[in-house]
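Listed below are the residues making up each chain.
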Amino acid sequence: MFNYSKIALGVTACIALSGCLEVEDNNNDALVAQLEQQNQILQDQLDHQIERSKASKTAITLSGSVKLATEGDTLADDVTVTLYYNGKWHDAVMVDEAGNFEIAGLPSNTDVIAQVSSPSNAIMTRNFFFETDYSNAPVVQNVSTFEVGQPETLEFTVLEEGTNLPFEGLVLEAHLNGYHNGWVDEAIRELVEDNVSKATLNSETGNYELVVPKGINTSLSQTTDLDADGMDDVEGLGFSNSYQLKFNPVTYLSKIEAEQFKLALTFLAPDGSVVKPDNIFATNNDFGENKASFDDESQSFTLDANYYGNLEVLIPSFTANDITYQASQVKVYNFNENSQTYYVRIDGGYYYNVDIVPQDNIVSVAVRLRGEEQTTPNLELVSTTQNFHPESHAFTYYFNAPIEVGNRTEAKLLHTNALVVTKGNASTDDNIAPGTTEIRYEDVEVPVTTSLAFNDTALTVTPNSKLVEGGNYTLTLRRPVNKQSGYYDDFYDNKYLSVMTTTSFAETLFKADNFNYRKNGKLITATNTAGVESADYSSEESSQICVLIENKYNVSITNVEVIKAVANGQDATISNSWVNSSGSSRLYQLAANEWLSWYTVEKGAAVENGSYNKSCLSILDDNSNNVMFKDHTNDNENSITVEIEYRININGNWETKYTEQTLNIN
């Protein structure tokens, strides 16, 4: 009696031997017996591999213990250990009187979270992270002792610096999780990052209270941006762990407020006479004005300052009375409560520092400039914007002297590694035959417009069309004209920039596609570029189902579990499903009978052309046959309900999230 595996192996063996398919007709019993023996050997090997594979899924028996961090205290009798692996939490296991536990049936070579907790809250819940050993046979794995602590309340007082009044609004957290093996995937650790204890203010005592595990030095983190506007509102407490806080019951916290005053700058030549620069502007005056205005009466430039941190004011190089003055920079730092002064630093020309006492909220600074009898100062780049403007995609350079854009000035923007598509029927001037599409990646120049501002010291390069979200670009600036000399400068600058995504990610943006070259049941591309109909080259039904999300959202699909499938209006009975491939792909809509030349893209999807992160599924029904899907229409439902595990990059940090979505098949 042959099972499925034996039939497959028998056919393989027959193909490998000359004349094998005629054996039975020739009644060659000896050869038939030899082949059956070979088949049996191969089948035994396969069965052994299957057994080893099955054994690895339940090979590990975990042996460990739980103990209190403090001597003399008794471990509660309701302490449990709950394991997370293979995408879900498993049943809790009680520890015995000595704190020991044993859990069987764990898969080998798998990341695990062990959560130690107590229903009565006799201990504080802690999570420990490790990886099971690699084994194809049953083994016992001993893990390090899980150390836990009873709840202990730390009381401490926080006073506002300068007023000695109680500080309200402190955001301080103690991180309760235990050790982790450095090799454990970050994604699994992120699942329980919210296991923290938060400090609360006791309104009766005026003290903050923070509950931590007794006997365990717990790491602390403090939020300094209380209103989540991207700017710090308070200083840090200076405590990184609970032991430091425990032995410092009274601490002070300083509020950070925007500095607000009027800045008055008077510029002096080396001989002490007043000179007037062509242009003065601030680069980081967060809530104030950027360009300073000149006051004829006081012969000074004034600026309404309103900023966090320190204020930077730029004075580009200029010429007055045949004297060329070097570019300078004035930095004003935070107000010093003790000395009642602002600390001011002058850079460029002459270098010096000075403490300025404000009068009537005016900070007056005399800036001595260094001048030389020359008319052609070298061009220097003072500053640039950090990246493309989010809407116009413009980019600005700030120079130390006025410039011009001449015929030989190069302001060049390249879309690096851009997708270039040339279809066989697009032109008679290429060698691409009809019926073929050439796909290649190359740097493509983007036309730009240049403009000058700030007395021609600021050059802005603006693309003539919107750039591709998520695209990478190179911006080159070469040979601007030094306006004072009239000659091209040898200045050269090359920037590598990227375009951020302006649309917000939402979990409803996940899509499902069957790659059948159709949308809503109709062909997306009826003919190839040679005019040949494409209907006979693809089927309406497909077993290829992929979950997709555009790459521009910085989302990576890590796993997909199928909960329900509806194929052609009928609920499918799912016996098994798994992710058979995943990764990033470039999708482009072309006819099924269109040839691809050079580089390849994936064709057949109904979603818009672009770069996607995708996970493709194999879904089997109760007869172990592939579930076949057509396009979803109003008259014929084709959909999948799935739980999607994905990682998303938020402010530079990757976070793991889960969502259940019902996705119609495109």
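Quantities reported herein were computed from a predicted structural model and do not represent experimental measurements.

Q: What am I meant to see in the overall build of the protein here?
A: Looking only at helices and strands, the protein has five helices and 51 strands in total. In the protein, which comprises 666 residues, the share counted as buried stands at 41%. Pairs at least 24 apart in sequence give 65% of the contacts found in the protein among residues at least 6 apart.

Q: When you look at the pattern of salt bridges in this model, what are you seeing that I'm missing?
A: Pairing between side chains of opposite charge can happen when their charged atoms approach one another. One pass over the structure, following the stated rule, counts 14 salt bridges. Between Arg-345 and Asp-347 there is a salt bridge; the shortest N-O distance is 3.0 Å. A residue is classified by how much of its surface remains accessible, and Arg-345, at 36% relative accessible area, is partly exposed. The class of Asp-347 is buried, set by a relative accessible area of 15%. The closest approach of N and O atoms between Glu-469 and Lys-552, which form a salt bridge, is 3.4 Å. Here Glu-469, found in the loop between β36 (458–463) and β37 (472–478), pairs with Lys-552, found in the loop between β44 (545–550) and β45 (555–567); they are 83 residues apart in sequence, far enough to count as distant.

Q: What's the story with the sheet that holds strand β31 (residues 395–399) in this structure? I'm lost.
A: Strand pairing in a sheet is mediated by backbone hydrogen bonds. Such pairs are either parallel or antiparallel. Pairing within the open sheet is antiparallel, and its four strands lie in the order β30-β31-β36-β35. The outermost strands of the open sheet, each flanked by one partner alone, are β30 (381–384) and β35 (448–453). Pairs of neighbouring strands in the sheet enclose a mean axial angle of 20 degrees, with direction left out of account. Examined bridge by bridge, β31 and β36 share four bridges and lie antiparallel to one another. Considered in β36, the bridge of Tyr-398 is made with Ala-458.

Q: Explain the packing of aromatic side chains to me, please; I cannot follow it from the model alone.
A: Working definition: an aromatic ring pair is given by the centre-to-centre distance plus the angle between the planes. Tallied over the entire structure, the rule returns 23 aromatic pairs. Summarising the aromatic geometry, the rings of Phe-101 and Phe-146 are spaced 5.9 Å apart at their centres and angled 15 degrees between planes, so their arrangement reads as stacked. Remark: Phe-146 occurs in strand β9 (residues 146–148) and Phe-101 occurs in strand β5 (residues 100–106); sequence separation between them is 45 residues. Comparing Phe-101 with Phe-146, the two get one shared label, buried. Geometrically, the ring pair formed by Phe-287 and Tyr-308 is edge-to-face, given 5.8 Å between the ring centres and 75 degrees between the ring planes. Here the residue Phe-287 occupies a position in the loop between β19 (281–282) and β20 (293–295), and Tyr-308 occupies one in the loop between β21 (300–307) and β22 (311–315), the gap between them amounting to 21 residues. A relative accessible area of 48% places Phe-287 in the partly exposed class. Counting every residue linked through ring pairs, the aromatic cluster contains Phe-261, Tyr-307, Phe-335 and Tyr-342.

Q: Sorry if this is basic, but what is going on with the sheet that holds strand β38 (residues 481–482) here?
A: The three strands are arranged β32-β38-β39 in an open sheet whose pairing can be described as antiparallel. The sheet terminates laterally at β32 (403–404) and β39 (487–488), the two strands that pair on one side only. The sheet contact formed by β38 and β39 spans two bridges and is antiparallel. Bridging across to β39, Val-481 finds its partner in Tyr-488.

Q: Can you help me understand the confidence of the model for the protein in this one?
A: Should pLDDT be low for a region, the predicted coordinates there are not to be read in detail. For the protein, the mean per-residue pLDDT works out to 87, and 89% of the residues sit at or above 70. The secondary structure element of the protein with the lowest average pLDDT is helix α1 (residues 4–16), at 36, and the one with the highest is strand β41 (residues 511–513), at 98. Here residues 1–25 scores under 50 on pLDDT; set against residues more than four positions off or in separate chains, the count is 21 contacts.

Q: How should the side chain of Thr-659 be read in this particular structure?
A: Counting through the fold element by element, Thr-659 comes out in strand β51 (residues 653–664). The buried category is assigned to Thr-659, whose relative accessible area is 6%. Only 2.9 Å separates the side chain of Thr-659 from the side chain of Gln-661, close enough to count as a polar contact. Here Thr-659 is in contact with Glu-507, Phe-510, Val-642, Glu-643, Ile-644 and Tyr-646, once residues within four sequence places are set aside.

Q: What exactly am I supposed to notice about unusual backbone geometry here?
A: Negative phi is the rule for most residues except glycine; trans is the rule for most peptide bonds. Of note, the phi angle at His-393 is positive, near 60 degrees, even though the residue is not glycine. As for its placement among the helices and strands, His-393 is situated in the loop between β30 and β31. Of note in this structure, Asn-455 is not a glycine but carries a positive phi near 60 degrees. When you line up the elements, Asn-455 lands in the loop between β35 and β36.

Q: Got a minute to help me understand the state of the cysteines in this structure?
A: A covalent bond bridging the sulfur atoms of two cysteines is what the word disulfide describes. A full pass over the atoms with the stated rule returns one disulfide. Put simply, Cys-546 and Cys-616 are joined by a disulfide, and their sulfur atoms are 2.0 Å apart. Because the sign of the S-S torsion sets the handedness, a value of about 95 degrees for the bond joining Cys-546 and Cys-616 places this disulfide among the right-handed ones. Note that Cys-546 is positioned in strand β44 and Cys-616 in strand β49 (residues 610–621), a separation of 70 residues in sequence. Classification of Cys-546 as buried rests on a relative accessible area of 0%.

Scoring rules and cut-offs
- Residues numbered from 1 in each chain as written.
- Predicted model: local features only at pLDDT ≥ 70, side-chain atom pairs only at ≥ 80, totals over all residues.
- Heavy atoms only, no water.
- Helix = DSSP H or I, 4+ residues; strand = E, 2+ residues; numbered from the N terminus.
- Buried < 20%, exposed > 50% of the residue type's maximum accessible area, 1.4 Å probe, protein only.
- Contact = heavy atoms within 4.5 Å.
- Salt bridge = Lys/Arg side-chain N within 4 Å of Asp/Glu carboxyl O.
- Pairing = 2+ DSSP bridges.
- Axes fitted to C-alpha atoms, helices over the stretch in contact; angles between N-to-C directions.
- Phe/Tyr/Trp six-rings, centres within 6.5 Å; stacked < 30°, edge-to-face > 60°.
- pLDDT = per-residue confidence, 0-100.
- Polar contact = N/O pair within 3.5 Å; in protein donor to acceptor, adjacent residues only side chain to side chain.
- Disulfide = S-S within 2.5 Å.

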